[in-house]
Amino acid sequence: MYTVKNYVLAGSLEQAAELRQKSKNNVIIGGNLWLKMGHRTIQNAIDLSRLELNQIEEEENGFRIGCMVTLRDLETHRGLANYFGDIFQEAVRHIVGVQFRNEATVGGSIFPRFGFSDVLTVFLACGSEVELYRGGRVALADFINMPLDNDILTHMYVPKEGRKICYESFRQTETDFPVLTCAVIKKQDGFETVLGARPKQALLVSEVSLSCPEKREERERYARQVAEKAEFGSNMRGSAQYRAALAKVLIQRGLERLMEEATCR
């Protein structure tokens, strides 16, 4: 439970940014779902819902997604599904339920860099960038490692690069936090893998090559070497050793699905 002293319905991004810069106790509330689980006093709770940041705009070279877009919007957007297949639906469908996903926002899922985030994993797999009010456009792969500050994430930009992505996750129960998330990416110049919920932040592994994905032994080698490059931790949902073993399974499963989809075309 938290205490809010003032509620501010921002009339502009400039107003919101000025308040945000004044104090760490001035907070963007987003969907107000993860925030309400904390214990703190908030001086100014800043609401961005009037600023038309709840749109998914499809452009020639990518998608521009506002920070107030909900996870349900990601799940049901036809343009994203037409271009990326089912990866966004698969990444969010386990997150509590439809009512929760109607409230949880993209900005609230990405800006805190939660280690358990399915959403962070799938956006990283797409080669996404974040748009910050003061910091401009930054690659998500770099943003993940930046310190938390008082800037405002206004949009996500997801490029159309022809990537083929398979999203996998494992959790103990249907709507629990994931034990591990995994996205396997096929690009024109090779394969990459994102591992999230390690339980640390999502990690992109791009240094391992895979020349013959049709061969089972090559897929096994690739999965083993990718897992070796990731650092896993332990928590109540699983040990580091368990996550390392699980990573190999999910990576191979993703590769197999990508090969099956390529054959069906």
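No experiment lies behind these values; they were computed from the predicted model shown. (Residues numbered from 1 in each chain as written. Predicted model: local features only at pLDDT ≥ 70, side-chain atom pairs only at ≥ 80, totals over all residues. Heavy atoms only, no water.)

**Overview of the overall build of the protein chain**
Step number 1: Across its full length, the protein chain carries ten helices and twelve strands.
Step number 2: Expected size for 265 residues packed as a compact globule is a radius of gyration near 18 Å; at 19 Å, the protein chain falls within 12% of this value.
Step number 3: Counting only C-alpha atoms and orienting by the principal axes, one finds that the protein chain spans roughly 60 × 45 × 30 Å.
Step number 4: By the burial criterion, 51% of the 265 residues in the protein chain qualify as buried.
Step number 5: Contacts in the protein chain between residues far apart in sequence, at least 24 positions, make up 60% of those at least 6 positions apart.
Step number 6: With an accessible surface of roughly 12,800 Å², the protein chain has 45% of that area assigned to carbon and sulfur atoms.
Step number 7: For the protein chain, the separation between the mean place of its 35 positive charges and that of its 35 negative charges on side chains is 4 Å. (Helix = DSSP H or I, 4+ residues; strand = E, 2+ residues; numbered from the N terminus. Rg over C-alpha atoms; globule rule 2.2 N^0.38 Å. Buried < 20%, exposed > 50% of the residue type's maximum accessible area, 1.4 Å probe, protein only. Contact = heavy atoms within 4.5 Å. Areas by Shrake-Rupley, 256 points an atom, 1.4 Å probe, with all protein chains shown as cover. Lys, Arg positive; Asp, Glu negative; His and termini not counted. Charge placed at Lys NZ, Arg CZ, Asp CG, Glu CD.)

**Quick look at the sheet that holds strand E1 (residues 3-9)**
Step number 1: Here we have three strands laid out as an open sheet, ordered E1-E3-E2, and parallel in their pairing. Of all strands in the sheet, those with a lone pairing partner are E1 and strand E2 (26-28), marking the two edges. Ignoring which end each strand starts from, the neighbouring axes of this sheet average 30 degrees apart. (Pairing = 2+ DSSP bridges. Axes fitted to C-alpha atoms, helices over the stretch in contact; angles between N-to-C directions.)

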